[in-house]
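Report on the structure
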Amino acid sequence: MSIDVACQQIHLAPPVSWKSHFRNLSGYAIDGLSSAGTCYMLHAILVVIHVVLVIFYIFHWEHRVTLSFTPMNSDFWPVVLSASLQAFYTIYTAVLLFLTQRLAMSRALVRHLKLTAIHDISGAWAGLGSALNIIWQQIDIPASWWAVSAVTAYLASISVLHITSSTLLQFQTFNTSMATSVSTTLGWPNDSMILNTPNVNWGSITASLPVVNQLPGLVSVGLSNTTVYDTPQTNSMAGHANVNTTTISSRCGFLPNITYSVDAGIVTVNSSIENGSFISMQASYPCTLIGSDQVQVLVPAWSSSSDNFTVPGTPGVTLMVSTLLDIEPSIQQQVIVPVTWEIASFSNGSEAIHQYVVEVYFVQCSLSTMTAEAVLDMQTNSLQNPTPVSQPSMQWEIKQFSQWTSNDWQTSIGWALAYQVGSGYGFSNSAGMTAGNPPSVPSIADEYIMSSVGLNLAAESFVQLSGGYPLSTVMLSPGKLEAAIAQVTAQLIWTAGRIGTSNGGFQYGNGTAYVDEQINALRLDINLLPLSFAISASVIMMALALCMTRAFDTSSDSQAAIPDTGALQLMWLGRHSAPVNEVLDDVEHPTEANLRRAGMIDVCFANTISGETEELGGSTNSLSFRNGNSRYNRICDLEV
């Protein structure tokens, strides 16, 4: 059954010419196209922004934006950045929501849809909560599953952007470096300072050796094994400094051309070196009270028979060694000096004298230095790349004078190590004491060197006093002795610089070191997880906007007779659409469910722009309704 309802004329405005009305309708169409273009462009820009952020994240270009780490920067700018991002996304999505909602509703009104579907779509745009409620209502009366779900997904995507916006970009604290310079205290004095400083108290310096050896924590600043190095005068910064280092090395060998004489516990040795020059020295026998494995630093005299002069001291360190040595027999016959120990024993009230032959050797150790630059940790004052130690000697050899290191400062080191600061033990035996020669007391440096090469005076003395025999048991290698001499020399130099001139040491100079200072700074950082959600949301929003606004629909010659579905538009629609009134008149109780059920009729509100030219053109306002088998058409010619 088809019923045509006559329509009265609707005067919407004062009468004007049909040409002006046509121009107004054309303007509305142009505005719609402009809004659609703006909507799609803004959605595309949002996607591009997130794609660009992904590219920045991959190459970490955002890290180029840095700020110094200050209380203001760390507290103020992160808040500004977070608030700015939230403000941008709030305003931007508000514009997108306005354009998309307006276009989507306009496209929905010109399509043949259920009146309830239009009601549901319009209600869904009110907010995410309303959209979810309308989705729930589709279970009872399914009118617009797809359209309402699309609106809900669009609003949910906007919520995702709001949530992630403040965390997309953040200022991150990181460590960076800055080149600067600091003042340093030199670790090595010049050679003339070691040789010519008159007020150096080597006694107090060598007396501190056992303390330095037993408390290695004290040696962490300026000394590393056999290396002394410059130390910064501040530790308030973190980073690495390039400092000068001086590594001490030693080479030990037998004195050449040995002649000796032994008498009354004293051994006198001459070593001929070159051109009538020779080195002479005297030493007490190794002490019978502490066993035969001993090392004693000597102070030889340099003499010349041709010029008839004698100078105390020689370059390097000269020692008498009575331990076992792994020597080739041909070399041993040239350097060995046998001495006889006489040890008394008592049995049945009678005294018996036992004689033991102890082999003694005289060794010269030259000292040399190697300077280099190393990296120092400013926080711990420890070297990060210590200078490698030179390869030690593997076997004992006779060391000719031409092989001795030529420098003056090592003479002072030899004097310092031989300084007679007693250790409590004595280098003497009964023969020396009987002849009136007082015991020669080992210096603290002697005991320190012996402990460094593995000798223990206290243990040897206990064995001897317990009735043991003075037999050598320790095999001393040249490399082990060289390492001990180099280490004790480095500790002497380090200690002399640390105690200062007021305590009998050196006054080292100042220098400059370049520091790669580690500082905290702020840099811009992109968070991948929020960015993943944001780019997904923006792509979904763009796809939904294209679908809901029917961007690919080629029919663009119609507009909605009502621009929106607000309260005023609905009142106008109810006033001018008798079929809608007739459908809703049957609703006795205006509940949401009853009204939605009654609104399941097809409607279409479209302004169709007809006429190909301005003279033939016109417009028609068409309101059409379907309900079951009935069809209502209402066509009103608008005269404006």
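Residues numbered from 1 in each chain as written. Predicted model: local features only at pLDDT ≥ 70, side-chain atom pairs only at ≥ 80, totals over all residues. Heavy atoms only, no water.

1. Digging into the pattern of salt bridges
Per the counting criterion, the structure on display carries three salt bridges. Note that Asp 140 is salt-bridged to Arg 597, the shortest N-O span being 3.8 Å. A residue pair is termed long-range when its members are at least 10 positions apart, and Asp 140 in the loop between helix H4 (128-137) and helix H5 (145-165) and Arg 597 in helix H18 (residues 592-598) qualify at 457 residues. You can call Asp 140 exposed: its relative accessible area is 53%. Overall, Arg 597 belongs to the partly exposed group, its relative accessible area being 45%. (Salt bridge = Lys/Arg side-chain N within 4 Å of Asp/Glu carboxyl O. Helix = DSSP H or I, 4+ residues; strand = E, 2+ residues; numbered from the N terminus. Buried < 20%, exposed > 50% of the residue type's maximum accessible area, 1.4 Å probe, protein only.)

2. Quick word on the state of the cysteines
Enumeration over the complete set of coordinates arrives at one disulfide. There is a disulfide in this structure between Cys 252 and Cys 365, and the S-S distance comes to 1.9 Å. Its S-S torsion of about 110 degrees marks the bond between Cys 252 and Cys 365 as right-handed, since a negative value means left-handed. You can see Cys 252 sitting in strand E8 (residues 238-254) and its partner Cys 365 sitting in strand E18 (residues 350-377), a full 113 residues away along the chain. An identical accessibility class is assigned to Cys 252 and Cys 365; each is buried. (Disulfide = S-S within 2.5 Å.)

3. Side note on the packing of helix H10 (residues 409-417) against helix H14 (residues 478-499)
Where H10 meets H14, the closest approach of the two axes is 11 Å, and the angle between their N-to-C directions is 95 degrees. Considering their axes alone, H10 and H14 lie roughly perpendicular with respect to each other. Contacts between H10 and H14 pair Trp 409, Ile 413, Ala 416 and Leu 417 from the former with Val 488, Thr 489, Leu 492 and Ile 493 from the latter. (Axes fitted to C-alpha atoms, helices over the stretch in contact; angles between N-to-C directions. Parallel < 35°, antiparallel > 145°, perpendicular 65-115°, else oblique. Contact = heavy atoms within 4.5 Å.)

4. Some points on the environment of Leu 546
Inspection of the secondary structure puts Leu 546 in helix H15 (residues 528-548). Each C-alpha atom, one on Leu 546 and one on Cys 39, is 9.3 Å from the other, the two residues being 507 residues apart in sequence. If we skip the residues at most four places from it in the chain, Leu 546 touches Tyr 40, Ala 551 and Phe 552.

5. Here's the deal with the pairing of strand E15 (residues 317-321)
Strand residues, when the strand is regular, have side chains that alternate between the two faces of the sheet. The buried fraction of E15 amounts to five of the five residues, a majority that puts the element mostly inside the structure. Here E15 shows no split at all, with Val 317, Leu 319 and Val 321 on one side and Thr 318 and Met 320 on the other all buried. With four bridges connecting them, strand E12 (residues 295-298) and E15 associate as antiparallel partners. Looking at the pairing, Leu 298 lines up with Thr 318 of E15. (Pairing = 2+ DSSP bridges.)

6. Digging into the pairing of strand E4 (residues 169-185)
Note that E4 and strand E20 (residues 510-526) share 17 bridges and pair antiparallel. Along E20, the bridge assignment pairs Phe 171 with Leu 524. Relative to strand E7 (residues 231-232), E4 runs antiparallel, the two sharing two bridges. By the bridge assignment, Thr 185 is partnered in E7 with Thr 231.

7. Details of a nonpolar patch on the surface
A contiguous nonpolar patch, built from Val 48, Val 51, Val 52, Ile 55, Phe 56, Ile 58, Phe 59 and Trp 61 and spanning about 680 Å² of accessible area, is present on the exposed surface. By the secondary structure assignment, Val 51 is in helix H1 (residues 18-59). For Val 51, a relative accessible area of 37% gives the class partly exposed. (Patch = residues over 30% accessible without salt bridge, like charges linked within 9 Å, V, L, I, M, F, W, Y side chains within 5 Å. Areas by Shrake-Rupley, 256 points an atom, 1.4 Å probe, with all protein chains shown as cover.)

8. Examining helix H12 (residues 444-452)
Turning to H12, its buried residues are Ile 444, Ala 445, Asp 446, Tyr 448, Ile 449 and Met 450. Where H12 terminates, the next one or two residues include Gly 454, which has phi positive at roughly 105 degrees.

9. Examining the confidence of the model for the chain
On average, residues of the chain score 77 in pLDDT, and 74% of them reach the 70 mark or higher. Mean pLDDT per element in the chain: strand E1 (residues 2-4) is the minimum at 36, and H15 is the maximum at 95. Of the regions scoring below 50 in pLDDT, residues 625-640 engages in 54 contacts with residues more than four places distant in sequence or in other chains. (pLDDT = per-residue confidence, 0-100.)

10. Describing the environment of Met 320
You can see Met 320 is positioned in strand E15. Its relative accessible area of 2% is what places Met 320 among the buried residues. As a C-alpha pair, Met 320 and Val 295 span 25 residues in sequence and 5.7 Å in three-dimensional space.

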